[in-house]
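# Understanding the architecture of this molecule
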Amino acid sequence: MRLNLAARAAICLILSQAAPTAAAAQRVACPPAAGRAIAEGWRLYRADSLAAAEARFAEGDARCPRSLDARTGLGFTALRGGRLARADSLFRVVVAADSTNADGWEGLAFAAWRRGDPGTAESAARRAVALDPKREGMTALLDRIDADWRRIVPTPPARPDTLVLVSRTQGTRFEVRGPAGWTPFRLRGVNLGVALPGRFPSEFPADSGTYARWLDRIGAMGANAVRLYTILPPPFYRAFRAYNLAHRERPLWLVHGVWTELPPKDDFDDREWKEAFRAEMRRVVDLLHGATRLPLRPGHAHGLYDADVSRWVLGYVIGREWEPFAVKAFDARSPGPRPYRGRFLEADAAPAMDAWMAEQCDYLLGYEFDRWHALRPVAYTNWPTLDPLTHPTESGVAEELARRGEARRPPAQARLEYENDAIGLDANLVRPTAQNPAGWFASYHAYPYYPDFMNLDPGYARAESPEGRSNYFGYLQDLARHHAGMPVIIAEYGVPSSRGIAHLQPQGWHHGGHDERAMAAIDARLSREIEAAGLAGGIVFAWLDEWFKHNWLVIDFELPPERTRLWHNTMDAEQNYGIVALVAGDSAARPVLGGDATRWQRLAAAGTGPAAGASPGTLRLGSDASFLYAAVEFPGLAGRDFPWDSLDVVLALDTYRPEAGQRTLPGGAPTGDLGFEFAARFRGPDDAELLVTPDYNRHAPAPPAATGDDRGLFYRRPVGTRPRADARWDSLFALTNRARFGRDGTFFRAQGVNRGRLRYGTEAQSTLADWWWDRAHGLLELRLAWDLLNVTDPSSHTILHEDSAPAGAVGGFGTTTTDGIRVGVAVTARRDGHVVAALPAAPGGRWRAADFRPWLWPGWDTPVYHERYKPVYDSLRTLWNERR
């Protein structure tokens, strides 16, 4: 359970003041001495003399063992002293002996809240208030648990006599019921994740206004559906109902999920886990009909669900992307196909996991039918790694090892990535029964860049959509052919507008690396290709940029992981899919490449020098939750182009320990007694790069024998900085697509990207621009993503550094805290690399560490950010409104 600071402070205040309102009243006949001891105990308790109070309560308990007041007093002193287990035990004794004891229920509520048991806290607080409505501490606690706790769950309507059917599948499409009867429905939706910057994914917005604003914008974009992965708070459903009542002619439909994690030991028949999954199904169904109250559970939405939105629920997509290893393990437990005969779904012969998925979908349908006499289409989440197709280029672990042995290429890793064609789930094996007029469909999360078979299979490489060559379209056609006669939706698709690239794709539709204009064009084309392939529709991912997300290429370096939500990693593809950009910084003050120069000139001065000719005059530094900003003023060049034909500029950055790092600049010029971890070298608009000292290059490959783990192909261990003066600098090259063998023995080389190449331009030209020369002001503007500098959490000044790798090199990467960044600016001659000018001054061409002041940016626990709609909003609005 996570509360904001204000809520925590309020609860602490309540607890500090907590005391029974009627504790002095004796409920059993006790000796006078016992009564006096208990009364004195309460006086001392209210005076904050807890030890003395506890002694008097103990005396009263010894003299009168049946006194609930003495036990209550002992419980409250234990609670105030932080002995929560003892307090909980004492209060349970009190309420078990007297279920009308409001003091005991109050104490139990506070003890449960502090023990992290919100369900017990809520039920106990409700009992206390029912017995004594004037208990302010309890009403305040309930206000924080559930703002709607005073509202009564509406009486559900009687179960209809006739089946309620608002949507169904017909052939390869959906249909929805309207005033004129059944009409075809092509799904054009948006996946709605709602975690805002600084929030955990389970910390949902609590106000209807936020959801209403988003729904208005989604509807105006031309979307006809939104998809939820999990239960949101009641304000969402109220806003959704209000939107649709105001837009009866063009409502938004809802595709609702039922979320769960993997089962213990990959056993999907684990009784407790499966019942929890089914309990979540029941919650989803009941809340959609607007007649349930969900108690507070850590990590889950809760409250009174009184908005009936069932008439606009298109269907369900349950579960999550299952890992192939889990499906493989479960199928191995029950080898051989087996039939499934349910009320609404059936299968003649299906592997264990296929039959299990049919059973869970059937359970959901059965519950809604029995409780609400309604049905609607249902599917389970699938993805290409578990598709039922066969891919010739996607070998499994055993096949890969055999091919490597034949080719005398030893394994590059001890563990290969998940087997992406080893096993599948096939919706074709399941069909609706005669009792199910709602139907059945297939749902896939499918992106254009992964798995590798989508990039490598020869058939996909030859595929062409109406708009040209497209591996993705070839894959979509395969899905459509396999599921002929059944609706297929792509429930997630899109590309992110991240600076970082995590996987490469033949048409350039990579996992990241797109500026926002390119993202808009690609997402619109993917949307058109989904329709051209004959599928029933798609749901673009996603509405918001989600700062808490992780991607495989950077996840090991976002540390501590629980603080990732506090900063925006533009190198992390997963954080940048949003139609709505959640941009770090204040929109009125954030430095913008090629924008208002005064924003750069207002950054803090980190060094000054002579202002003649090509000499740097002032270095300025700034920061936000995404970038380190640097501005170098060249007053002598104001109004002129920089002379790139003869001069280079190097920004050298020392991020940890001035005695460590590289002491020779790129090009060979010595730096003196200060070592640097990074160097940004500018040789003109077409040639700029961030370099790293070799020891601190986390993506430098190291053999598995040296590291002892499966990441040897990708990461150096240990990753730290040490003194050196050999002029060696590494590029920030990282592998994105590993080398692999196909099933027929074809070898596919590894691919990667140089993450350190710096793109020239203004932000108006490209949202991925890194630097700009402001000719009018003689100003070199640069912004560097924190991740490029091995900053693992800028909010807490945490950086990557380990003096030695963990035992076996399996553990997490080591980090430390920086005392600040030292930045030097050197202007070097193109012909021989010698230093022409420097800031700070470099007598004899050498810097002195004593002349550098570390610059430490402000940390934060609450990020500053602002919203902005990306161009993809307009590209999809144009497409979807044209095709209504």
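Note that the structure is a prediction, hence the values are computed from the model and not measured.

Rules used in this analysis
- Residues numbered from 1 in each chain as written.
- Predicted model: local features only at pLDDT ≥ 70, side-chain atom pairs only at ≥ 80, totals over all residues.
- Heavy atoms only, no water.
- Buried < 20%, exposed > 50% of the residue type's maximum accessible area, 1.4 Å probe, protein only.
- Helix = DSSP H or I, 4+ residues; strand = E, 2+ residues; numbered from the N terminus.
- Pairing = 2+ DSSP bridges.
- Contact = heavy atoms within 4.5 Å.
- Axes fitted to C-alpha atoms, helices over the stretch in contact; angles between N-to-C directions.
- Parallel < 35°, antiparallel > 145°, perpendicular 65-115°, else oblique.
- Left-handed = near helix turned anticlockwise from the far one by under 90°.
- Nonpolar A, V, L, I, M, F, W, Y, C, P; charged D, E, K, R; others polar.
- Disulfide = S-S within 2.5 Å.
- Expected span 1.5 Å × (residues − 1).
- Core = buried A, V, L, I, M, F, W, Y, C linked by side-chain atoms within 4.5 Å.
- Salt bridge = Lys/Arg side-chain N within 4 Å of Asp/Glu carboxyl O.
- pLDDT = per-residue confidence, 0-100.

### Examining the pairing of strand 27 (residues 678-682)
- Burial analysis of strand 27 places four of its five residues in the buried class, the great majority of the element.
- Of the pairings in the sheet, the one linking strand 27 to strand 28 (residues 688-692) comprises five bridges and is antiparallel in character. Its bridge partner being in strand 28, Ala679 is matched across the sheet by Leu691.

### Let's talk about the side chain of Asn790
- Along the chain, Asn790 turns up in the loop between strand 35 (779-785) and strand 36 (791-793).
- Contacts of Asn790, omitting those with residues within four sequence positions, involve Phe678, Tyr696, Arg698, Val719, Ile799 and Leu800.

### Remarks on the sheet that holds strand 27
- Pairing in this open sheet of five strands is antiparallel, and the strands run 28-27-25-39-40 from one edge to the other. Taken across any chain shown, the strands that pair with only one partner, and hence form the sheet edges, are strand 28 and strand 40 (835-839). On average, each strand axis in the sheet is tilted by 20° relative to the strand beside it, whichever way the strands run.
- Inspection of the sheet shows strand 25 (residues 647-654) paired to strand 27 by five bridges, in the antiparallel sense. Counted as the bridge partner of Ala652 is Ala679 from strand 27.

### Digging into the packing of helix 7 (residues 118-131) against helix 8 (residues 136-145)
- Two numbers describe how helix 7 lies on helix 8: the axes approach to 9 Å, and their chain directions differ by 140°. Overall, the two elements helix 7 and helix 8 adopt an arrangement that is oblique. Every pair of crossing elements has a handedness; the one defined by helix 7 and helix 8 is left-handed. Contacts from Ala121, Glu122, Ala125, Arg126, Ala128 and Val129 in helix 7 reach Met138, Thr139, Leu141, Leu142 and Ile145 in helix 8.
- Classifying every residue of the contact of helix 7 with helix 8 gives eight nonpolar, one polar and two charged.

### Here's the deal with the state of the cysteines
- Taken as a whole and assessed by the stated rule, the structure comprises one disulfide.
- The side chain of Cys30 participates in a disulfide bridge whose partner is Cys64; the two sulfur atoms lie 1.9 Å from each other. Measuring the twist about the S-S bond at about -65°, one finds the Cys30-Cys64 disulfide to be left-handed. Remark: Cys64 occurs in the loop between helix 3 (50-63) and helix 4 (68-80) and Cys30 occurs in the loop between helix 1 (5-17) and helix 2 (32-46); sequence separation between them is 34 residues.

### Details of helix 17 (residues 471-482)
- Taking 1.5 Å per residue as the helical rise, helix 17 with its 12 residues ought to reach 16 Å, and the 17 Å between its terminal C-alpha atoms agrees with that figure.
- Among all positions in helix 17, only Asn471, Tyr472, Phe473, Gly474, Tyr475, Leu476 and Leu479 are buried.

### Side note on the nonpolar core
- If you look at the biggest cluster of nonpolar residues, it comprises 182 residues, and the most contacted ones within it are Tyr237, Trp543, Leu651 and Phe682.
- The contacts of Trp543, once residues within four sequence positions are left out, are Val190, Asn191, Leu192, Trp214, Arg217, Ile218, Met221, Gly578, Ile579, Val580, Tyr869 and Tyr873.

### Some details on the pattern of salt bridges
- This structure, assessed with the given rule, holds 74 salt bridges.
- Note that Asp61 is salt-bridged to Arg71, the shortest N-O span being 2.9 Å. On the criterion of sequence distance, the pair formed by Asp61 in helix 3 and Arg71 in helix 4 is long-range, its members being 10 residues apart.
- Residue Arg71 is classed as partly exposed on the basis of its relative accessible area of 23%.
- A salt bridge links Glu275 to Arg282; the nearest nitrogen and oxygen atoms lie 2.6 Å apart.
- On the basis of relative accessible area, Glu275 is assigned to the partly exposed category, the value being 38%.

### Observations concerning the confidence of the model for the chain
- For the chain, per-residue confidence averages 92 on the pLDDT scale, and residues scoring 70 or more make up 94% of the total.
- Note that residues 704-712 has pLDDT below 50 and, in this model, 26 contacts with residues that lie over four places away or in other chains.

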